Amino acid sequence: MNPLLKSPLGLEPNSLLLPAILGAILPTSLLLFLIIANSESYALWMVFPLLIIPAGGATGGIFFYLMGFHWFPSGNTKLIAILYSCIIYFLIIWISSVLAFNLTGHWH
């Protein structure tokens, strides 16, 4: 059965869903822990970080999957690709955090 949607990379979009969810779990769980730990200080401005930062994590998760398992599937290049994509993953989370907190006015 051929899927109706194909990505430009030759992958099915369903195969990119799991890395996106796994990439978004880390920042989402950290943000939710911070909100639950201090629940009386919840404000409406926290919605932007709860949306933008996990979206960055999902993007980083997809990049990690493509680098480590699709573009460089074996050998020493896979190890280098995984190390490089870990750095890029945290860099994407950092940039999305700066963007989210800058939009809310909490980045100084």
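Computed from a predicted model, the values in this text were never measured in an experiment.

Cut-offs and rules
Residues numbered from 1 in each chain as written. Predicted model: local features only at pLDDT ≥ 70, side-chain atom pairs only at ≥ 80, totals over all residues. Heavy atoms only, no water. Phe/Tyr/Trp six-rings, centres within 6.5 Å; stacked < 30°, edge-to-face > 60°. Buried < 20%, exposed > 50% of the residue type's maximum accessible area, 1.4 Å probe, protein only. Helix = DSSP H or I, 4+ residues; strand = E, 2+ residues; numbered from the N terminus. Contact = heavy atoms within 4.5 Å. Core = buried A, V, L, I, M, F, W, Y, C linked by side-chain atoms within 4.5 Å.

A. Examining the packing of aromatic side chains more closely. Summed over all chains, the structure comprises 6 aromatic pairs. Each ring, one from F64 and one from F69, has its centre 6.4 Å from the other, and the planes form 65°; the classification is edge-to-face. With a relative accessible area of 24%, F64 lands in the partly exposed category. Between the aromatic rings of Y89 and F90, the centroid separation amounts to 5.2 Å while the plane-to-plane angle is 75°, which identifies the pairing as edge-to-face. Of the residues examined, Y89 reaches a relative accessible area of 10% and is grouped as buried.

B. Region of interest: the environment of F63. On the secondary structure map, F63 appears in helix α2 (residues 47-71). According to the relative accessible area criterion, F63 is partly exposed, its value standing at 22%. Note: C-alpha distance between F63 and L16 (47 residues apart in sequence) is 9.5 Å. Beyond its immediate stretch of four places on either side in the chain, F63 contacts W71, Y84, S85 and I88.

C. Broad picture of the nonpolar core. Membership of the largest hydrophobic core is limited to 6 residues, which are L31, I52, I53, Y89, I93 and A100. Elements that contribute at least two residues to this core include exactly α2 and α3 (76-104). Of the residues forming this core, the biggest block, 3 residues, is contributed by α3. Setting aside its immediate chain neighbours within four residues, A100 contacts F48, P49, I52 and I53.

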